[in-house]
Amino acid sequence: MELLVDALIRNFFNVEVMYKARILLWIGLKVTLQLSAVSLVLAILVGLLLASLRNLRNRAIDALIIIYVDLFRSLPTIVLFMLVYFALPYVGISMPPFWAAVLTLTTNGAAYFEEIFRAGIESIEKGQTEAAKALGLSFTQTMRHVILPQAVRVVLPPATSNSLELIKTTVLASVIALPELLKQAQQAHGLFANPTPLVEAALIFLLLLWPLVRLTGYLERKFG
Amino acid sequence: MEIHDLIHYFFNGHVFLETLPQLVRGLWVTIQIAFLSIVMGFVLGLVLAIIRVAVKRSTNTWPIRLLNLPIAFYVDALRSIPPLITLVVVYYALPYLGIYFPRFWAAVLTFAVVLSAFAEEIFRAGIESIGRGQVEAARSLGLSYLQTMRYVIIPQGFRVAIPPLTSRTIAITKDVSLASVIGVADLLKAARASQAFLANPTPLVSAALLFTLVFLPLVRISMYLERRLAK
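Since the structure is predicted, the reported quantities are computational estimates derived from the model, not experimental observations.

Visitor: Got a minute to help me understand the overall build of chain A in this structure?
Guide: Each helix and strand counted, chain A has ten helices and zero strands in total. Relative to its length of 224 residues, chain A is extended, with a C-alpha radius of gyration of 22 Å against a globular reference of 17 Å. Taken along the three principal axes of its C-alpha coordinates, chain A extends 75 × 50 × 25 Å. Buried positions account for 43% of the 224 residues belonging to chain A. Taking as baseline every contact in chain A between residues at least 6 positions apart, the subset at least 24 positions apart corresponds to 80%.

Laid out in structure tokens, this is it:
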């Protein structure tokens, strides 16, 4: 037992290694936060745009959006990362790892956000749109002042949970060599021949996302 | 970008046919990992949910209720930590403690525990959606605790649990491709290897198409179930 505790402290919670790896992990954390923030904002915006477009009830636009959503919901995100970073350059489209990751997370996340926002918009009776129109509100005004404020209640729980998933997905950028938290932890693991940085990466995510996990549960219970 | 390049690099028939056997072999590994993880994850999740509800309902004394803290922590931790990090810790860090798993089983174990955390939450919500009166009625009819669970609670709770369970199962099956990161010879790994070998990304595109072929019907079914239950 004592041996196991000793091995655990030496390999998983080694303070000396933590100190040595601090700069590597700090850089990683910053990249993870930047990637999360940029991708989350863009994914929400694109999702919102697509969901609004479906409200126009144009057959062709609907069909395109449905294909997009289905395709991106079916593809494992890591495959998408690899297509963007390793396959697109063959046809002359290449971008640095950070923007490849942003593009992947945004296109993937937007597919889920579109579904969530659409469910929110559809939860509001059609009569309201017509009433707004009769009152002389434009399409944009109807969305902004009538539909969206009500939809928030339906949308908030799944949108929070989807944001959580998106942030967790940023670690996949390690496979395209972006120096985010996991990649940096792996580097430090190799450099110091000690897995403490990997455990640290797990703990940092735990600290960062635990409140969001709790919030998701709370919102589901409150509005569910 | 010329259309000729697009076909040559993304939809190269020759490369496709040459690499298809490897991709199918990879897909079979992906299916095996997914199947084992789902079975183990569901069983573990159900057991944890039953323990948690039983402890919560059986008594109000706090020392016994504390038994649920480790389960709550287990569930929250696995929901907060990205599965890829869990996988890397299981495969690269645990051996330092003398706990060694082959790649295949490291993947199965990781996805099983991650799924069990989500399944526990879903099953618990399902069980708790059934009124206490039913438990009391079953018990007064002489059914044991296990019989009540088996014949009264679980069949009903399962129906509430099916839509979220389906979408979680799809999500974890998609996560199985992460196993390629620790070198498991799954579909994605096979595609990457062929791509590097032939300097042509067609295998990657083929893998994407194979995944779509497998998952698209599942995604559709899960969306249908969600909508039906919502009504």
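Visitor: What's the story with the overall build of chain B in this structure? I'm lost.
Guide: For chain B, the helix and strand inventory stands at ten helices and zero strands. Written out in order from the N terminus, the α and β elements of chain B read α-α-α-α-α-α-α-α-α-α. On C-alpha atoms alone, chain B measures out to a radius of gyration of 22 Å, which is more than a quarter above the 17 Å that the 2.2 N^0.38 rule sets for 231 residues. The dimensions of chain B, computed from C-alpha atoms along their principal axes, are 75 × 50 × 30 Å. Residues classed as buried in chain B amount to 42% of the 231 residues present. Within chain B, residue pairs in contact and separated by at least 24 positions form 76% of the contacts whose partners lie at least 6 positions apart.

Visitor: What should I look at first to understand the interface of chain B and chain A in this one?
Guide: Opposite the 36 residues of chain B that make contact, chain A presents 35 residues. Among the secondary structure elements, those contributing two or more residues to the side of chain B that touches chain A are helix H1 (3–10), helix H4 (68–80), helix H5 (83–93), helix H9 (187–198) and helix H10 (202–230) of chain B. Ranked by the residues each element gives to the side of chain B that touches chain A, the list is headed by H10 of chain B, at nine residues. When its residues are assigned to classes, the side of chain B that touches chain A shows 27 nonpolar, four polar and five charged.

Quick notes on the rules
- Residues numbered from 1 in each chain as written.
- Chains lettered and ligands numbered in written order.
- Predicted model: local features only at pLDDT ≥ 70, side-chain atom pairs only at ≥ 80, totals over all residues.
- Helix = DSSP H or I, 4+ residues; strand = E, 2+ residues; numbered from the N terminus.
- Rg over C-alpha atoms; globule rule 2.2 N^0.38 Å.
- Buried ≥ 20, exposed ≤ 12 C-beta atoms within 10 Å, placed from the backbone.
- Contact = placed C-beta atoms within 7 Å.
- Nonpolar A, V, L, I, M, F, W, Y, C, P; charged D, E, K, R; others polar.

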